[in-house]
Amino acid sequence: MSQPFDAAAASTAYRSALDVIRAVEPRVADAIGQELADQRSSLKLIASENYASPAVLLTMGNWFSDKYAEGTVGHRFYAGCQNVDTVESLAAEHARELFGAPYAYVQPHSGIDANLVAFWSVLAQRLEAPALVEAGVKNVNDLSEDDWTALRRAFGDQRLLGMSLDVGGHLTHGFRPNISGKMFTHGSYGTHPETGLIDYDAVRAKAKEFKPLILMAGYSAYPRKVNFAKMREIADEVGATLIVDMAHFAGLVAGKVFTGDFDPVPFAHITTTTTHKSLRGPRGGAVLAQHEFAEFVDRGCPMVLGGPLSHVMAAKAVAFAEARTPEFATYAQNVADNAVSLAEGLTKRGGTLVTGGTENHLVLLDVTSFGLTGRQAESALVDSGIVTNRNSVPRDPNGAWYTSGVRLGTPALTSRGFGAAEFDRTAELIVEVLTAASAAPAPSGGTSKAKYQLPDGIAEKVRAEAGELLDANPLYPGLELSK
Ligand code: PLP
């Protein structure tokens, strides 16, 4: 585990906690133990997941969970919030210093909440509340499609320009099934059809034509760095507010792998993040802002949030303190270096990567050259002990459900201590499974897009070989739940 911890103390803490839980509902205690066993025994390559330290995890299980603390530090709607004030202030202070941000808001419960706070802050800052009142809005849950259209008109038919979902953007960046797609008229920019890279001239041209209120940068499945200085230039040229969602790569920003033009914080008006992905903190979100937006972001509760999860804010303070250490900077660099090893390991064995490689923590493998859909590849891999998620590739012929790719990320296994050699071996195992797998026959004739078949023994063999890598790099070494 790249974050040092006292295994004997953690073992005692978890054993005692499970004893207390077992006395009330033993099945929950068993499920918690089983979850650790399962996580220990698979190659976790989900790019958005990680392993938080025992200190972060233990900070969440306490009486802060019982406390209501709506409002902000020193300005609460409930009495008795002095200890919540302490942990919220600490988390915000660590976040400001970690990211060099003028202002940090650590209340969002998740990444989607952080983006909602950011969006409403921009609307509030630009337009202020009277437009909402004029539109007769009492309860947003009661709004029909027509109401949303009327509301958008009241806000001046506001537009948001974000990265297209099929080249790696995120649902919360203005897409229809998400509330952001109802709040804003949405436009999207793609990537260059040949290189797969963001084409900043094309983004500029689109922004000039579309004239967005918000230009959104950030992604879930784009394997390259983004030049945020250029994004800000474009935003300024069209009078847009630049929001960067660094949910995926916040750990690389914190660890100073992304610096200069590739560090979003100095360039974005508002930067949003999750805290549980590459940043390796508790499940949650945060918003960083330039001074001019601070007062509006601060209205996150009650604007779109209820009572903050004080126990999670406490865990954010611990995680941000960890992320300020030299060990975390080494970890973040290893995450990026390991992604290169994984990418090279796949390409030298015949794999095709979107953009041809990686500059961050993730690799997008196009599995069509193996004759598989993403869904089949995902299933064949998970049955062989390798956990990934299927993902669209640009202009995906198999659509968003079956897809043609799998997304592979290095943050979790790097936390376990995997280095270049282990990621090269992981690439070998992935290619072994995908080469052996084929589409299963469909009952109606032809082949299925969902089901796969593997020759006997392959899944077991790969699982055993993955087990050797895992045993050599144990998760939470020394932490034992049974005496
Ligand atoms: N933003 C991006 C870029 C993400 O990838 C995600 C989650 O996958 C989110 C926001 C939403 O985060 P959460 O699941 O914490 O709401």
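Parameters at a glance
Residues numbered from 1 in each chain as written. Predicted model: local features only at pLDDT ≥ 70, side-chain atom pairs only at ≥ 80, totals over all residues. Heavy atoms only, no water. Phe/Tyr/Trp six-rings, centres within 6.5 Å; stacked < 30°, edge-to-face > 60°. Helix = DSSP H or I, 4+ residues; strand = E, 2+ residues; numbered from the N terminus. Buried < 20%, exposed > 50% of the residue type's maximum accessible area, 1.4 Å probe, protein only. Lys NZ or Arg CZ within 6 Å of the ring centre and 35° of its normal. Salt bridge = Lys/Arg side-chain N within 4 Å of Asp/Glu carboxyl O. Near = heavy atom within 4 Å. Polar contact = N/O pair within 3.5 Å; in protein donor to acceptor, adjacent residues only side chain to side chain. Areas by Shrake-Rupley, 256 points an atom, 1.4 Å probe, with all protein chains shown as cover. Nonpolar A, V, L, I, M, F, W, Y, C, P; charged D, E, K, R; others polar. Contact = heavy atoms within 4.5 Å. Pairing = 2+ DSSP bridges. Axes fitted to C-alpha atoms, helices over the stretch in contact; angles between N-to-C directions. Parallel < 35°, antiparallel > 145°, perpendicular 65-115°, else oblique.

Engineer: How would you sum up the packing of aromatic side chains? Please name residues and give values.
Structural biologist: All chains considered together, the criterion is met by 10 aromatic pairs. Judged by centre distance (6.2 Å) and plane angle (80°), the ring pair of Phe5 and Tyr476 falls under edge-to-face. On the criterion of sequence distance, the pair formed by Phe5 in the segment before α1 (7-22) and Tyr476 in the segment after α20 (458-472) is long-range, its members being 471 residues apart. The exposure class of Phe5 is partly exposed, given its relative accessible area of 24%. Classification of Tyr476 by relative accessible area gives buried; the value is 7%. A ring pair is formed by Tyr219 and Tyr222, whose centres lie 5.7 Å apart and whose planes are at 65°; its orientation type is edge-to-face. The pair Tyr219 / Tyr222 is uniform in exposure class, with both members buried. Connected via pairs of aromatic rings, a cluster forms that spans Tyr219, Tyr222, Phe228, Phe249 and Phe258. The ring of Phe210 has Arg159 sitting right over it, with the charged end atom 5.1 Å from the ring centre. A cation over an aromatic ring shows up here: Lys225 above the ring of Phe262, its NZ or CZ 4.4 Å from the ring centre.

Engineer: Describe the pattern of salt bridges, with residues and values.
Structural biologist: Enumeration according to the criterion identifies 22 salt bridges in this entry. Between Arg390 and Glu378 there is a salt bridge, with its nearest N and O atoms 2.8 Å apart. Here Arg390, found in strand β14 (residues 389-391), pairs with Glu378, found in helix α16 (residues 374-383); they are 12 residues apart in sequence, far enough to count as distant. The structure contains a network of salt bridges with shared partners spanning Lys348, Arg349, Asp424, Arg425, Glu428, Glu432, Lys461 and Glu465.

Engineer: Which residues make up the site of the ligand, and what are the values?
Structural biologist: Around the ligand sit Ser110, Gly111, Ile112, His170, Tyr219, Ser220, Asp245, Ala247, His248, Thr274, His276 and Lys277, and those are all the residues in its vicinity. Ser110 places a polar side-chain atom, nitrogen or oxygen, 3.2 Å from an oxygen atom of the ligand. Between the ligand and Asp245 there is a distance of 2.6 Å, counted from a nitrogen atom to a side-chain nitrogen or oxygen. Relative to its unbound accessible area of 390 Å², the ligand is 83% covered by the protein chains. Taken together, the residues of the shell around the ligand sort by class into 3 nonpolar, 7 polar and 2 charged.

Engineer: Explain the environment of Phe418 to me, using residue names and the numbers behind them.
Structural biologist: Along the chain, Phe418 falls in the loop between α18 (411-415) and α19 (420-436). For Phe418, a relative accessible area of 3% corresponds to the buried category. Setting aside its immediate chain neighbours within four residues, Phe418 contacts Leu43, Asn338, Leu413, Phe423, Thr426, Leu469, Leu470 and Asn473.

Engineer: If you had to explain the sheet that holds β14 to someone new, which residues and values would you point to?
Structural biologist: Pairing is antiparallel in the open sheet, where 4 strands are placed in the order β11-β12-β15-β14. Strands with a single pairing partner mark the edges of an open sheet, and in this sheet they are β11 (352-353) and β14. Of the pairings in the sheet, the one linking β14 to strand β15 (residues 405-409) comprises 3 bridges and is antiparallel in character. Its bridge partner being in β15, Asn389 is matched across the sheet by Arg407. Lying over the sheet, helix α15 (residues 326-347) contacts β11, β12 (362-366) and β15, oriented at roughly 15° with respect to β12.

Engineer: How would you summarise the packing of α19 against α20 if you had to cite specific residues and measurements?
Structural biologist: Between α19 and α20, the least distance of the axes is 11 Å, while the angle of their chain directions is 175°. By the angle class used here, α19 and α20 are roughly antiparallel. Contacts between α19 and α20 involve Glu422, Arg425, Thr426, Leu429, Glu432, Val433 and Ala436 on the former and, on the latter, Ile458, Lys461, Val462, Glu465, Ala466 and Leu469. Grouping the amino acids of the contact of α19 with α20 by side-chain chemistry returns 7 nonpolar, 1 polar and 5 charged.

Engineer: I'd like a rundown of the sheet that holds strand β9 (residues 270-274), residues and numbers included.
Structural biologist: Here we have 7 strands laid out as an open sheet, ordered β4-β10-β9-β8-β7-β5-β6, and mixed in their pairing. A single partner strand is all that each edge strand has here, and the edge strands are β4 (103-105) and β6 (185-189). Strand-to-strand, the axes of this sheet are offset by a mean angle of 20°, without reference to chain direction. Sitting on the sheet, helix α4 (residues 82-99) touches β4 and β10 (285-289), and the angle it makes with β4 is about 130°. Running over the sheet, helix α9 (residues 200-210) touches β5 (159-163), β6 and β7 (214-218) and is turned about 165° from β5.

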